[in-house]
Each structure stands twice: as structure tokens, then as C-alpha cells.
Amino acid sequence: MATSNERIAAGINARDKSRNWPTFVEPGTPSDSKQLKSLASRAAEIQSQLNGISKRMSADLEAEAARLKDTLESLNLSRQQREKQLADAVSNHRKKLLAATDTKRTELLQELRIIGDRAKAARELTDDPKKVLARKSIGSERKARIIAELQLAGPATLSVMANEAIANEDVELAAAVMAVNDHQPRERRSVDSAALATAIVGEEATAALDAIDTAIHAFDDGISLDREMRTGRRDSMATLKRGVRDLPRRSEAPDDGGQDE
């Protein structure tokens, strides 16, 4: 029979599960653009190492295939027999190369997985310019003082202060205005906090999200490349996904202004 404390705990758990609690990130989750760029840079380094392994393996296999082909040509074998022996020999050579690089490839992929997981967690902190702006001046005495001074400010004053913050790229003032504005009843708000945050830290937030995407996709691309090394076949599905993923970038690329002749 459950004790009274167990019944109370069960009731609390049931109540908590019915609420939409926020998800907390892990301690040490990268939260600023500098940390995220460093994470993306490391992911790119690992990708480069994996690409190097793949290229060396391809070159080695091509050289081995050419050597075996010359050897088999000198034997009294049918074309079908030569092709089968060549395929078997190349397959065995691939297995040797994979075995020789297995430890290194596994280490690199494991690090990419960790980087990807950290990047996914970081998205919770950087997926909105308002979140970035709110964090920029945490602990700032000036920000706290401005918030206190603006508590009784009317909509017109908040609007003026928002424009002042944008004009002077004043992060603390912008964060203070956003904090006060967001605590106003919705019908009394005179400032678009999202637009204010975007004007102040929009570029930083975009750069952070780009770094996050780079780090997350690096693991997927690494797994795809490793699969290609193991099978010797192009991962067409991964290639298609990369193409779809890169469509927005290509559509956002600036026009070179050229005209058809």
C-alpha cells in the first residue's frame, strides 16, 4: 500500500505532466555567436578530415583496381571471370582500408554527434532575436536602472526610447525597453519587440542560427560520407536532402545583374 508521501508525490507528478513546462538546456550549452561559430568551425574541420580519408581511400582503390586489371588481362580468363575477380578483389581491398581507418572515422563521427547535439540544444537559446537581446545585458546595472525609470512611461515614451536604442545601437536600452514593453497589456504596447530585437541583434541571431545549422548538418553529412565509403555507392538520398537544404541559400544569393545576350 502506498504511503501518504508516495500518494502526494504521485499527485504532484500527475499534475506536472499536465503542464506545458519549458525544456531546459544542458549546462554548458553554447549560447553566443562566438561559441557557436567555434562549434561550427570544429565541425567543418572534422568534415575536412573525413573528406580527406574518403579521397585517399578512393585514390587507393582506383590504383589497386588499375593494377589488378593489368594483371587479370594477362590471364587466360573470360571477360566475365575477370570482372568478377576484379570486383571481389576491390571489395576485399575496401574492407582492409575501412578496417585501417575504422577507429579514426568512429572518433570523428562521435565528435560530430556531440557537436550536433550541443548545436540542437543551443537553438533553444538563439532561435529568436528577442531571446538573444534579453540575454545580452543580463546583470547590467544600467539596464536595471532604465527599466525602473521606464515603469511609468507611456506608449509614446517607449516608442521614442526604442528608436533611440536603434539609432545608437544601444543594446542595454533596447533590452530595457523590450522588457518593459512586454510586461504591458498587449493592447497598450506601442513597440514591436520582435522588430526592435531584430534591428539590434538580428544579424547576430542569424549568424548564430547559421552556425547551428552548419554544426547539425555536419553530422548528417558525415554519416552519409561514411556510408559511401563503406558501400562504394553514392548516397543519393543524402545528396537529394542536401540539395533541398541548400535551396533557400541559392534563392537568397544576390543576382549578378547579368543580362541575357
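Residues numbered from 1 in each chain as written. Predicted model: local features only at pLDDT ≥ 70, side-chain atom pairs only at ≥ 80, totals over all residues. Heavy atoms only, no water.

Undergrad: Would you mind showing me how to read the overall build of the protein here?
TA: Check the secondary structure of the protein and you find 9 helices and 0 strands. Across the protein, helices and strands are ordered from the amino to the carboxyl terminus as α-α-α-α-α-α-α-α-α. Taking all 261 residues of the protein together, the buried fraction comes to 30%. Within the protein, contacts between residues separated by at least 24 positions form 75% of all contacts whose residues are at least 6 apart in sequence. Summing over all exposed atoms, the protein offers an accessible surface of approximately 17,400 Å²; the carbon and sulfur share of this is 51%. (Helix = DSSP H or I, 4+ residues; strand = E, 2+ residues; numbered from the N terminus. Buried < 20%, exposed > 50% of the residue type's maximum accessible area, 1.4 Å probe, protein only. Contact = heavy atoms within 4.5 Å. Areas by Shrake-Rupley, 256 points an atom, 1.4 Å probe, with all protein chains shown as cover.)

Undergrad: So what exactly am I meant to see when it comes to the nonpolar core here?
TA: One recurring pattern in soluble globular proteins is that nonpolar side chains are buried together. Residues Leu-50 and Leu-112 are the most contacted members of the largest nonpolar core, which totals 27 residues. Put simply, the parts of the chain that give this core at least two residues each are α2 (33–73), α3 (79–126) and α8 (193–231). Membership of the second largest hydrophobic core comes to 21 residues, among which are Leu-133, Ala-165, Leu-173 and Val-191. (Core = buried A, V, L, I, M, F, W, Y, C linked by side-chain atoms within 4.5 Å.)

Undergrad: Quick question: what am I supposed to make of the packing of helix α6 (residues 155–168) against α8 here?
TA: Angle between the axes and distance between the axes: these two values describe a pair of packed helices. One can describe the packing of α6 onto α8 by two numbers: an axis separation of 9 Å at closest approach and a directional angle of 15°. Viewed along their axes, α6 and α8 adopt a mutual orientation that is roughly parallel. Crossing of α6 over α8 shows left-handed handedness. The residues of α8 that touch α6, namely those facing Ala-162, Ala-165 and Ile-166, are Leu-196, Ala-199 and Ile-200. Taken together, the residues of the contact of α6 with α8 sort by class into 6 nonpolar, no polar and no charged. (Axes fitted to C-alpha atoms, helices over the stretch in contact; angles between N-to-C directions. Parallel < 35°, antiparallel > 145°, perpendicular 65-115°, else oblique. Left-handed = near helix turned anticlockwise from the far one by under 90°. Nonpolar A, V, L, I, M, F, W, Y, C, P; charged D, E, K, R; others polar.)

Undergrad: Looking at this model, I keep getting lost on the environment of Lys-95. Mind explaining?
TA: Take Lys-95: it is sitting in helix α3. Looking at Lys-95, the relative accessible area reads 54%, which means it is exposed. Between the C-alpha atoms of Lys-95 and Arg-230, which are 135 residues apart in sequence, the distance is 7.9 Å.

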